[in-house]
Amino acid sequence: MSDTFELSGGYTTTPLGGVPSFDPNIDAPIQETTQLIRKKVDTIDLSVDTPVAVEFGGLDDANITILKAVGGGSVRARITSADGSQQSIPFDTYLILRSMEKPVTAIHLTRTPATPTTVRVFLGQEG
């Protein structure tokens, strides 16, 4: 069964000095829509200080990765992509990654030492 994934909204920045400051305003809408052939939704409790693997379930890989930290401190996500490189990315609120050509093949999460943290996970595989 397939799903339609949509990420919409945008981000804006306005100079504190106002428009006459000649600093640029940025208004960037986001409108991403794609078809998913598989998805995985999970909640992971990080109760140890060692890396915890994210299970991909029936997914071969993930073109869309959304991680949201709840409570606790920051989380480090070690991400492996289809080209084999590992990247360690810290986040303390959320992390959104969309990769069409080099999908994510593995994720390991590490919490701030001795700080119980929960991570909500969404993985989507495009068809």
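Everything that follows concerns the structure shown earlier in this document.
Residues numbered from 1 in each chain as written. Predicted model: local features only at pLDDT ≥ 70, side-chain atom pairs only at ≥ 80, totals over all residues. Heavy atoms only, no water.

1. Re the overall build of the protein
Okay, so step 1: Of regular secondary structure, the protein possesses zero helices and nine strands.
Okay, so step 2: Of the regular secondary structure in the protein, the N- to C-terminal order runs β-β-β-β-β-β-β-β-β.
Okay, so step 3: When its C-alpha atoms are laid out on the principal axes, the protein stretches across 50 × 40 × 25 Å.
Okay, so step 4: The buried share of the protein, reckoned over its 127 residues, is 32%.
Okay, so step 5: For the protein, contacts bridging at least 24 residues in sequence account for 72% of all contacts bridging at least 6. (Helix = DSSP H or I, 4+ residues; strand = E, 2+ residues; numbered from the N terminus. Buried < 20%, exposed > 50% of the residue type's maximum accessible area, 1.4 Å probe, protein only. Contact = heavy atoms within 4.5 Å.)

2. Observations regarding the environment of aspartate 60
Okay, so step 1: When you line up the elements, aspartate 60 lands in the loop between β3 (52–53) and β4 (64–70).
Okay, so step 2: You can call aspartate 60 exposed: its relative accessible area is 56%.
Okay, so step 3: Aspartate 60 sits 64 residues away from glycine 124 along the chain, and the two C-alpha atoms are 9.9 Å apart.
Okay, so step 4: When near neighbours in sequence (up to four residues on either side) are disregarded, aspartate 60 contacts Arg38 and Gln125.

3. Digging into the environment of phenylalanine 56
Okay, so step 1: Tracing the backbone through its elements, the reader meets phenylalanine 56 in the loop between β3 and β4.
Okay, so step 2: A C-alpha to C-alpha distance of 7.6 Å links phenylalanine 56 and leucine 123, two positions 67 residues apart in sequence.
Okay, so step 3: Apart from the residues within four sequence positions on either side, phenylalanine 56 is in contact with Lys40, Asp61, Ala62, Val104, Thr105, Ala106, Ile107 and Leu123.

4. Remarks on the environment of threonine 33
Okay, so step 1: For threonine 33, the location among the structural elements is in strand β2 (residues 26–46).
Okay, so step 2: Residue threonine 33 is classed as partly exposed on the basis of its relative accessible area of 44%.
Okay, so step 3: Distance in space between the C-alpha atoms of threonine 33 and alanine 77 is 25 Å, their sequence separation being 44 residues.
Okay, so step 4: Among residues more than four places away in sequence, those in contact with threonine 33 are Thr4, Phe5 and Glu6.

5. Observations concerning the packing of aromatic side chains
Okay, so step 1: Considering all chains together, one arrives at one aromatic pair under this definition.
Okay, so step 2: The interplanar angle of 25° and the centroid separation of 5.6 Å between the aromatic rings of phenylalanine 5 and phenylalanine 122 together place this pair among those described as stacked. In this pair, phenylalanine 5 sits in strand β1 (residues 3–13) while phenylalanine 122 sits in strand β9 (residues 117–126), placing the two residues 117 residues apart along the sequence. Residues phenylalanine 5 and phenylalanine 122 agree in their burial class; the two are buried. (Phe/Tyr/Trp six-rings, centres within 6.5 Å; stacked < 30°, edge-to-face > 60°.)

6. Remarks on the sheet that holds strand β5 (residues 75–81)
Okay, so step 1: One open sheet holds the four strands; their spatial order is β3-β8-β5-β6, and the pairing between them is antiparallel. If you trace the sheet from one side to the other, it starts and ends with β3 and β6 (86–91), each paired once. (Pairing = 2+ DSSP bridges.)

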